[in-house]
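# Coordinate analysis (summary)
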Amino acid sequence: MLLCSHCQKPLQSALWCGACQQLQSSGLQADDFSVFGLPPRYDVDLNSLEQSYHELATELHPDFFATAPAAERRLSEGLSARLNQAWQTLQDPTARAQYLIEVWKAKTPTHERDLPTGFLQEMFALQEELEELLEAKDQQALATKRADFLQRLNDLRYNYQQQLIELKENTPDTTFCKQIQQQLNAERYLLRLLERCSSTSSETDL
Amino acid sequence: MAYSEKVIDHYNEPRNVGSFEKSDDQVGTGLVGAPECGDVMKLQIKVENEKIVDAKFKTFGCGSAIASSSLATEWVKGKTLDEALAIQNTEIVEELSLPPVKIHCSVLAEDAIKAAIQDYRKRQETSSEPTASA
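The structure contained in this document is the topic of the report that follows. (Residues numbered from 1 in each chain as written. Chains lettered and ligands numbered in written order. Predicted model: local features only at pLDDT ≥ 70, side-chain atom pairs only at ≥ 80, totals over all residues. Heavy atoms only, no water.)

What follows is about the interface of chain B and chain A. On the chain A side, the residues contacting the 22 residues of chain B number 17 residues. Buried area between chain B and chain A, both sides added, is near 1,900 Å², and the carbon and sulfur share of it is 60%. Among the ionic pairs, Lys58 of chain B bridges to Glu128 of chain A, the shortest N-O distance being 3.9 Å. Taken together, chain B and chain A are joined by 5 residue pairs in polar contact (both at pLDDT 80 or more). Listed by contribution, the elements that provide at least two residues to the side of chain B that touches chain A are helix H1 (5-12), strand E1 (27-34), strand E2 (39-48), strand E3 (51-60) and helix H2 (63-76) of chain B. Top element by residues in the side of chain B that touches chain A is E1 of chain B. It accounts for 4 residues. (Contact = heavy atoms within 4.5 Å. Buried area = accessible area lost by both parts, 1.4 Å probe. Salt bridge = Lys/Arg side-chain N within 4 Å of Asp/Glu carboxyl O. Polar contact = N/O pair within 3.5 Å; in protein donor to acceptor, adjacent residues only side chain to side chain. Helix = DSSP H or I, 4+ residues; strand = E, 2+ residues; numbered from the N terminus.)

Written out as C-alpha cells, the structure is:
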C-alpha cells in the first residue's frame, strides 16, 4: 500500500493524495496500474477507469498550479503526462496486454519475437495470395479474405484476453508469458493482412 | 519524413525480386518477420562452392523493408558464405540512410541473410548424410 509522502495516509492514486491534496513526486516513476490505484491485472472496469482518469486529470491540471512555485508547477506537468500515458495504455485492450507482459518480463525472461510454429510461413503464403487478388482486383474474394482475417483476429484477441482475465493478480510463468507474447505478435501480422485487404491501391508507406 | 533517394530507388526498382525452387540443394531460404510491424521477408541464396552466385527476395512490408532486402540481395551476390555472414545491419542503415524508426527493417534483412545461410548449411549436412536420422 502506497502512503502519502506528506500526511502518510494511504494513497488511492500514486500521483496525488486525496486526503491532503498533495502532488506525489514519487508518482513520476509509478507503474500504469498504480497511477489509478489498481492491482496489476488484466480485467479493468473501463467506466471507473475513465472516471478516475477525468478526476485525476482535473486535480493535476497545470492550470491550477499557475501561481504555485515553479517546482510544483513542473511536477503537475510531469504527473499529468504520466497520467495521460497510463490512461492511453490501460484503456486499450492490446496495449494493456502488452504492458502487463512488459511488467512480467522484468521477472521472467521471454523471447519477444516468438511466433507459433509455422505461423510466419502461413503469413507469407497469405500475403502472396493477397497479392494475386489485389492484382486481379478481385473485390469479392478480397472481401471474403478480409472477413476471414477479421474473424481470426477477433478469435485471437478473445483467446488471450480470456487467458489474461483468468490469471487475475497472479504472476504468470514463462510458458504463459510466451503464449501471450506469441499471440500479441501474431495480432500485428494479422492487422497487416487486414490493412492490405482494405487498401484499394498498391500504395505502400515508405 | 524525408526518405533517402536510395530507399526510393530500391523501392521503385527493387533488384532481384522473385524466388528459387526451395527444395533445390543449392538454395538456402530465409524467412523472417518483424513483430513490431507485421512485415514478412523471404530471402534466398543460390550457392556454388561456398560462394553465393545469385540471390532473390520477396518482402511484404514498408518501403524501407523492401529497400533493405533489395540491397541485401545485391550485397550477398559474389560473396562467400562467411563474407555474407559478416554483413551488419548498421551497414544497411548507413547505405540507405534509414531513420531510427526504420532500423528494425535493416535488422530484418540481416536476419534474413543469416537465416538463408543457416538453411543452406543445414541442407548440405542432411543431403551429405542420406541415412541421417535427425
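Once the structure has been displayed, the description carries forward.
All right, on to the pairing of E1 of chain B then. Residues and elements named next belong to chain B. Of all 8 residues in E1, 7 are buried, a share of seventy percent or more. Of the strand pairs in this sheet, E1 and E2 are connected by 8 bridges, and their pairing is antiparallel. The residue of E2 that forms the bridge with Val27 is Lys46. Remark: 4 residues form the turn of the hairpin made by E1 and E2, two consecutive strands paired antiparallel; Gly38 in that turn has positive phi of roughly 85°. (Buried < 20%, exposed > 50% of the residue type's maximum accessible area, 1.4 Å probe, protein only. Pairing = 2+ DSSP bridges.)

Before going further, it helps to spend a moment on the packing of aromatic side chains. Residue and element names in this part refer to chain A. As enumerated under the stated definition, the model contains 5 aromatic pairs over all chains in all. Between Phe33 and Tyr99 the ring centres are 6.0 Å apart and the planes differ by 40°, which places this aromatic pair in the tilted class. Here Phe33, found in helix H1 (residues 32-35), pairs with Tyr99, found in helix H4 (residues 93-105); they are 66 residues apart in sequence, far enough to count as distant. With a relative accessible area of 18%, Tyr99 lands in the buried category. Lying across the ring of Tyr42, Arg96 places its NZ or CZ 4.5 Å from the centre. (Phe/Tyr/Trp six-rings, centres within 6.5 Å; stacked < 30°, edge-to-face > 60°. Lys NZ or Arg CZ within 6 Å of the ring centre and 35° of its normal.)

Now for helix H2 (residues 46-60) of chain A. Residues and elements named next belong to chain A. For H2, with 15 residues, the first-to-last C-alpha span of 21 Å sits near the 21 Å given by 1.5 Å per residue. Of the surrounding elements, those touching the buried residues of H2 are H1 and helix H3 (70-91). Put simply, Asp45 is the residue that caps the front of H2, since its side-chain oxygen is 3.0 Å from the backbone nitrogen of Asn47. (Expected span 1.5 Å × (residues − 1).)

All names here are of chain A. Throughout the structure, instances matching the rule amount to 19 salt bridges over all chains. Linking Glu187 and Arg157 is a salt bridge whose minimum nitrogen-to-oxygen distance equals 2.8 Å. Of this pair, Glu187 sits in helix H7 (residues 174-198) while Arg157 sits in helix H6 (residues 139-167), placing them 30 residues apart in sequence. Take Arg157: its relative accessible area is 26%, and that puts it in the partly exposed class. By sharing partners, the salt bridges in this structure join Arg41, Asp43 and Glu169 into a single network.

All names here are of chain A. For Gln24, the location among the structural elements is in the segment before H1. For Gln24, a relative accessible area of 0% corresponds to the buried category. Each C-alpha atom, one on Gln24 and one on Pro93, is 28 Å from the other, the two residues being 69 residues apart in sequence.

The next point concerns the sheet that holds E1 of chain B. Within a sheet, neighbouring strands are paired by backbone hydrogen bonds and run either parallel or antiparallel to one another. Residues and elements named next belong to chain B. Sheet architecture is open: 3 strands sit in the order E1-E2-E3, paired in antiparallel fashion. Two strands close off the open sheet at either side, each with one partner strand: E1 and E3. Each strand of the sheet is rotated relative to its neighbour by a mean of 15°, with strand direction disregarded. Relative to E3, E2 runs antiparallel, the two being bridged by 9 bridges. When the bridges of E3 are listed, Leu43 appears paired with Phe57. Each of E2 and E3 touches H2; the most contacted strand, E3, lies at about 170° to it. Its contacts with the sheet put helix H5 (residues 103-128) on E1 and E2, and the angle it makes with E1 is roughly 145°. (Axes fitted to C-alpha atoms, helices over the stretch in contact; angles between N-to-C directions.)

All names here are of chain B. When you line up the elements, Lys6 lands in helix H1. When the C-alpha atoms of Lys6 and Glu95 are compared, they prove to be 7.9 Å apart, with 89 residues separating the residues in sequence. Those residues in contact with Lys6 that sit more than four places away from it in its chain are Glu95 and Leu96. Separated by 3.3 Å, the side chains of Lys6 and Glu95 make a polar contact.

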